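Read off the chains here:
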Amino acid sequence: MDLACTEEEEAFRAGLRAWLAKVLPTLPPQPPATDWPARRAYDTAWQRMLYDAGYAGLHWPVDAGGRGATPTQHLIFLEETERAGAPYVGANFVGLLHAGPTIAAEGTAAQRARWLPPILRGEEIWCQGFSEPDAGSDLAALRTRAVRDGDDYVVTGSKIWTSHAEVADWCELLVRTDPDAPRHRGISWLAMPMDAPGVTVRPLRTLAGSAEFAEVFLDEVRVPAAYRVGAEHDGWRVTMVTLSFERGTAFVGEVVACRRVLADLARAARANGRWDDAVLRRRLGRLNAEFAALWRLTQWNVSAAQRGGGVPGAGGSVFKLRYSHARQELYDTAAEVLGGHALAADHPWTADRLSALSYTIAAGTSQIQRNIVAERILGLPKGR
């Protein structure tokens, strides 16, 4: 991994900074966190601006509609947009960070042409239909069934914790197409239109008051077989590609955000007298080292993904595992720096603190990540 920037990459940084300085003052105020239809409109408008400026899907392959940027350019983009306070992917995150890269890697030419351009232009929003009420973290225990009927699958079952289902146009959906096959076989990956008859969405309200997740009920929903990504019954392998993106590169922008939060906390501690507490200073220093190391690991993972054809490897689980806990430690420290009033419902830090609690569960629990690290990186035998 070469961490030094070339002249071309520094020119890219300068051009991006100039563009951000020009366009960010023109953005309207961000809508309330609980108004997802308004947030969808805001996020998709920003995505269209990125697309028109040539920054959408920056690191995607050129034949998938991206710019084919180097890993360093991708990381520069994340650094500069975060430092400038630009919007993040928001409601676009499943399409841009999970479904889109999976379709780019595994989809047919027709599927790539149909779904990738609308994702990059911000015209269509995707949600993720993986988790199920009775499966927990055991994704292979899914029971939503898809029965082939001519050119369609007839899908029946339910999903939970479906991100942005309330405002989504499409769902990356895992279904069981062969109920008699072993657990990790007989699964298929479908792209399901959310306006199909038989789809019912019931929003779930989080601790932070937002309804970014939902239950989705599927009652004999017909999904064309042409919307299956990958071979029939090969969905587990395709899902591992999706999860490698979710754990390997989807969080990289948030590492930059956490480093900014840490700098804000250090300034706040100096201003309110908490900086005199040597224990707290050491904790802030250790967190600074932690996130610096996570950023280096991010650079390594992105570079490794580039060398591996664009698909992240198992090293993403190392990052996801440590980042989840470091983020919680960061907001625990924020409460120490800012005092008890930072836990009030209307305090701007409260929503982030509550959100941090979910990161050891989202995108695979920490227990699952430890198993992946143990088996796929350390070569330890599988537990019984």
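Residues numbered from 1 in each chain as written. Predicted model: local features only at pLDDT ≥ 70, side-chain atom pairs only at ≥ 80, totals over all residues. Heavy atoms only, no water.

## A few points about helix α5 (residues 109–121)
Convention followed: Helix and strand labels come from DSSP, where a helix needs a run of H or I of at least four residues and a strand needs a run of E of at least two; each type is numbered from the N terminus. One fewer than the residue count of a helix, multiplied by 1.5 Å, yields its expected span. Note on bend: at a given residue it equals the angle between the axes fitted to the 7 residues ending there and to the 7 starting there. Here the term buried applies to any residue with accessible area under 20% of the maximum for its type, exposed to any over 50%, and partly exposed to those in between, with areas from a 1.4 Å probe on protein chains only. Residue contacts are counted whenever heavy atoms from the two residues lie within 4.5 Å of one another.
Here α5 contains 13 residues, and its C-alpha end-to-end distance of 18 Å stays within 8% of the 18 Å for a straight helix at 1.5 Å per residue. Roughly 25° is the biggest bend found in α5, and it falls at tryptophan 115, with proline proline 117 one to four residues downstream. Looking only at α5, the buried set comprises Gln111, Arg112, Trp115, Leu116, Pro118, Ile119 and Leu120. Packed against the buried residues of α5 are α2 (36–53), α4 (93–106), β1 (126–129), β4 (170–176), β5 (187–193) and β8 (228–229).

## Here we look at α4
Each α-helix winds once per 3.6 residues, and so residues spaced three or four apart point in a common direction. When the terminal C-alpha atoms of α4 are compared, their 19 Å separation across 14 residues agrees well with the 20 Å that a helix rising 1.5 Å per residue should span. Largest kink in α4: about 40°, centred on alanine 99, with the proline proline 101 one to four residues after it. For α4, the buried fraction is high: eleven of the 14 residues fall into the buried class.

## Quick notes on the environment of glycine 107
If you trace the backbone, glycine 107 turns up in the loop between α4 and α5. Separated by 123 residues in the primary sequence, glycine 107 and glycine 230 have C-alpha atoms spaced 6.5 Å apart. The residues contacting glycine 107, other than those within four sequence positions of it, are Thr102, Arg112 and Val229.

## Some remarks on the packing of α4 against α5
Stated precisely, the cut-off is as follows: As a rule, the C-alpha atoms of each element are fitted with a line to give its axis, helices using only the stretch in contact, and angles between N-to-C directions run from 0 to 180 degrees. Under this scheme an angle from 65 to 115 degrees is roughly perpendicular, one under 35 degrees roughly parallel, and one over 145 degrees roughly antiparallel; angles in between are oblique. Helix crossings get a hand from a simple test, with the near helix turned counterclockwise from the far one by less than a right angle marking a left-handed crossing and a clockwise turn marking a right-handed one. All amino acids are sorted into three groups, where Ala, Val, Leu, Ile, Met, Phe, Trp, Tyr, Cys and Pro are nonpolar, Asp, Glu, Lys and Arg are charged, and the leftover types, Gly among them, are polar.
One can describe the packing of α4 onto α5 by two numbers: an axis separation of 10 Å at closest approach and a directional angle of 155°. One element, α4, and the other, α5, form an angle in the roughly antiparallel class. The crossing of α4 and α5 is left-handed. Here Gly95, Leu96, Gly100, Ile103, Ala104 and Ala105 of α4 lie close against α5, whose contacting residues are Gln111, Arg112, Trp115, Leu116, Ile119 and Leu120. Its residues assigned to classes, the contact of α4 with α5 comprises eight nonpolar, three polar and one charged.

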